[in-house]
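The primary structure of each chain is shown beneath.
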Amino acid sequence: MKKTILTVLMLTVVLCGCSTLKRWFGLNKTSPDETKIETRAPLVLPPDFDELP
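Below or above, wherever it landed, is the structure these notes cover. (Residues numbered from 1 in each chain as written. Predicted model: local features only at pLDDT ≥ 70, side-chain atom pairs only at ≥ 80, totals over all residues. Heavy atoms only, no water.)

### Digging into the overall build of the protein chain
Moving on, step 1. Of regular secondary structure, the protein chain possesses two helices and zero strands.
Moving on, step 2. A compact globule built from 53 residues should have a C-alpha radius of gyration of about 10 Å, whereas the protein chain, at 26 Å, is more than 25% larger.
Moving on, step 3. For the C-alpha atoms alone, the extent of the protein chain along its principal axes is close to 75 × 30 × 10 Å.
Moving on, step 4. Out of the 53 residues belonging to the protein chain, those deemed buried represent 0%.
Moving on, step 5. Total accessible area on the protein chain stands at roughly 6,000 Å², and carbon and sulfur atoms take up 65% of it.
Moving on, step 6. Charge separation in the protein chain, taken as the distance between the mean sites of 7 positive and 6 negative side-chain charges, equals 37 Å. (Helix = DSSP H or I, 4+ residues; strand = E, 2+ residues; numbered from the N terminus. Rg over C-alpha atoms; globule rule 2.2 N^0.38 Å. Buried < 20%, exposed > 50% of the residue type's maximum accessible area, 1.4 Å probe, protein only. Areas by Shrake-Rupley, 256 points an atom, 1.4 Å probe, with all protein chains shown as cover. Lys, Arg positive; Asp, Glu negative; His and termini not counted. Charge placed at Lys NZ, Arg CZ, Asp CG, Glu CD.)

This is how it looks when you write it as structure tokens:
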């Protein structure tokens, strides 16, 4: 029983060290690429804003 648990734990540690498996399981942190971020125009109030109920 102890041998099986130890084997599973060791296998888990070995597989988590592999970057391909981390990417496959979604464990890698993916940050946005700052060159692909689009800026938006500032918000503008509509011209008839004062007349709205």
